[in-house]
Amino acid sequence: MPRNRNTFSSLTAWRRRVVARALQSGWRRIQQAGAVTAEHPGRLRFRGIGEGTRLAFPQGTVFGEPWIEIGACCIIAEQVTLTAGMLPDLDLGADTVLTLGDGVVLGRGSHVIADAPITIGSDTYCGPYVYITSTNHSYDDPDVPVGRQWPRSAPVVIGPGCWLGTGAVILPGARLGRNVVVAAGAVVRGEVPDHAVVAGAPAKVVRSYDPERGWQPPLRTPAPQPIPDGITPEQLAALAGLDAEELETLERLEQLGKPGKPGMLDGPAERARARAGEQGKLSEPTA
């Protein structure tokens, strides 16, 4: 009897694994087929959609596509809502209502609600569940439910190169400059100057950049070191395999700016160079 029970449990577990793999494989195929691109727009007929842009499947609510223009190389994650106009099937005139520049990223579950014009500059990144709207409820009449009162609308402009953290809210009339950082959960209205960091609800400037004094207040961590031009993925993988002592030795040698004397590479640095040389991963890239 225990043997039969074990056999039954093994068969059940095997069936579950098979079903899970089949479902996951099928879902990946559905996601690939349901993604929206310039070459495969599906039912969505945007005013413009640039090359290399992809709207992941499943999409959120999307309407007013003839008044939505999306630049090249944008990444629109799952369940992102993009709307132009208060309701579907409205005639919004000749001008574009919602504009996304090149390289815009909208994180999962974000909403961009454009009853009045919204412009998001190139290379602006949004974390998950960011909410950008050009319309807000009004509550002028205390005797009428807020949801039944006519809303207020004002254009929204987000400059290029901004970063909007998870759950940030951008309200009607907001105008963000270039390279603005919006902290997670911040609620932004009004104007934000270039190169500013805002946080809170309502959002306030907590850090700004001065051309002469730099960031004020100063940044608490050093700036990340960018990857030098010409470095290949193989070279990065080789560096990742070095231990701290070997990396420190290599850094000291690079600071010297000249080849070492005989015997200078004895020990950790010699081992690092030899390992990388055998793999061909620290050699200069060939043309």
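Residue positions within a chain follow its written sequence, with the count starting from 1. Where local features are concerned, this predicted model is filtered to residues with pLDDT of at least 70; where side-chain atom pairs are given and counted, the filter is 80 or more; whole-chain, interface and lining totals use all residues. With hydrogens and water excluded, all non-hydrogen atoms of the structure serve as input to the side-chain values.

**Student:** Would you mind going over the overall build of the chain with me for this structure?
**Tutor:** Strands are runs of DSSP state E lasting at least 2 residues, helices are runs of H or I lasting at least 4, and numbering of each runs from the N terminus. Scanning the chain for helices and strands turns up four helices and 24 strands. For this analysis, residues touch if any pair of their heavy atoms sits within 4.5 Å. Considering only residue pairs separated by 6 or more positions, the chain has 31% of its internal contacts joining residues 24 or more positions apart. Accessible surface computed for the chain: about 18200 Å², of which carbon and sulfur atoms make up 55%. Only the protein chains shown count as cover for residues, and all accessible areas are computed by the Shrake-Rupley method using a 1.4 Å probe.

**Student:** What exactly am I supposed to notice about a nonpolar patch on the surface here?
**Tutor:** Each patch is built from residues that are more than 30% exposed by relative accessible area and take part in no salt bridge. Like charges join if they lie within 9 Å; nonpolar side chains (Val, Leu, Ile, Met, Phe, Trp, Tyr) join within 5 Å. One speaks of a salt bridge when a side-chain nitrogen belonging to Lys or Arg is within 4 Å of a carboxyl oxygen belonging to Asp or Glu. Together, I227, I231, L236, L239 and L247 line one region of the surface with nonpolar side chains, adding up to about 380 Å² of accessible area. Along the chain, L247 falls in helix α3 (residues 244-256). Per-residue accessibility, obtained with a 1.4 Å probe over protein chains only, is compared with the maximum for each type, and a residue is labelled buried under 20%, exposed over 50%, and partly exposed between these values. The class of L247 is partly exposed, set by a relative accessible area of 36%.

**Student:** Is there a simple way to think about the environment of D194 in this case?
**Tutor:** Locating D194 in the fold gives a position in the loop between β21 (191-192) and β22 (196-199). With 14 residues separating them along the chain, D194 and S208 place their C-alpha atoms 8.3 Å apart. In contact with D194, not counting residues within four places along its chain, are G177 and R178. Counting of polar contacts relies on pairs of N or O atoms within 3.5 Å, with two restrictions inside protein: one atom must be capable of donating a hydrogen and the other of accepting it, and residues adjacent in sequence are counted only when both atoms are side-chain atoms. There is a polar contact of 2.7 Å between the side chain of D194 and the backbone nitrogen of R178.

**Student:** Hey, could you run me through the environment of N136 in this one?
**Tutor:** Among the secondary structure elements, N136 is positioned in strand β13 (residues 135-136). Since its relative accessible area comes to 34%, N136 is described here as partly exposed. Along the backbone, N136 and P172 are 36 residues apart, and their C-alpha atoms lie at a distance of 6.7 Å.

**Student:** I tried to follow the pairing of strand β9 (residues 111-114) on my own but got confused; where do I start?
**Tutor:** Strand direction decides the pairing type here: strand β6 (residues 81-84) and β9, joined by four bridges, are parallel. Directly across from L82, in β9, lies its bridge partner V112. One ladder, built from three bridges, connects β9 with strand β12 (residues 131-133); its direction is parallel. Looking across to β12, one finds that V112 is bridged to I132. Two strands qualify as a pair provided DSSP detects at least 2 bridges between them.

**Student:** Could you clarify how one ought to interpret the sheet that holds strand β2 (residues 54-55) in this entry?
**Tutor:** With mixed pairing, the nine strands of this open sheet are ordered in space as β2-β5-β8-β11-β16-β19-β22-β23-β24. Strands at the two margins of the open sheet, each flanked by one partner only, are β2 and β24 (214-216).

**Student:** Help me understand α3, please; the structure alone is not making it clear to me.
**Tutor:** Each turn of an α-helix holds 3.6 residues, which means side chains three or four residues apart point in the same direction. For α3, with 13 residues, the first-to-last C-alpha span of 19 Å sits near the 18 Å given by 1.5 Å per residue. Where α3 is concerned, the buried positions are E246, T249, L250 and L253. Relative to the axis of α3, the buried residues are bounded by an arc of 100° and lie together on one face. The outward face of α3, more than 90 degrees from its buried face, is lined by the exposed residues A244 and Q255. Take the residue count of a helix, subtract one, and multiply by 1.5 Å to get its expected span. By arc we mean the arc of the directions from the helix axis to the C-beta atoms, nothing more.

**Student:** What exactly am I supposed to notice about the side chain of T133 here?
**Tutor:** Inspection of the secondary structure assignment puts T133 in strand β12. Take T133: its relative accessible area is 3%, and that puts it in the buried class. Within polar-contact distance, the side chain of T133 engages the backbone oxygen of T135 at 2.8 Å. Residues in contact with T133, not counting those within four places in the same chain, are I113, I118, V156, I170, L171 and P172.

**Student:** Would you take a moment to explain unusual backbone geometry for this structure?
**Tutor:** Peptide bonds are, in most cases, trans, and in most cases residues other than glycine have a negative phi. A201 connects to P202 through a cis peptide bond whose omega is 0°. Tracing the chain through its elements places P202 in the loop between β22 and β23 (204-210). At the junction of Q216 and P217, the peptide bond is cis and its omega measures out at -10° in the coordinates. When you line up the elements, P217 lands in the loop between β24 and α2 (233-240). In this structure, D123 is a non-glycine residue whose phi angle is positive, near 60°. Mapped onto the elements, D123 comes out in the loop between β10 (118-120) and β11 (125-126). Note on D123: relative accessible area 48%, which makes it partly exposed.

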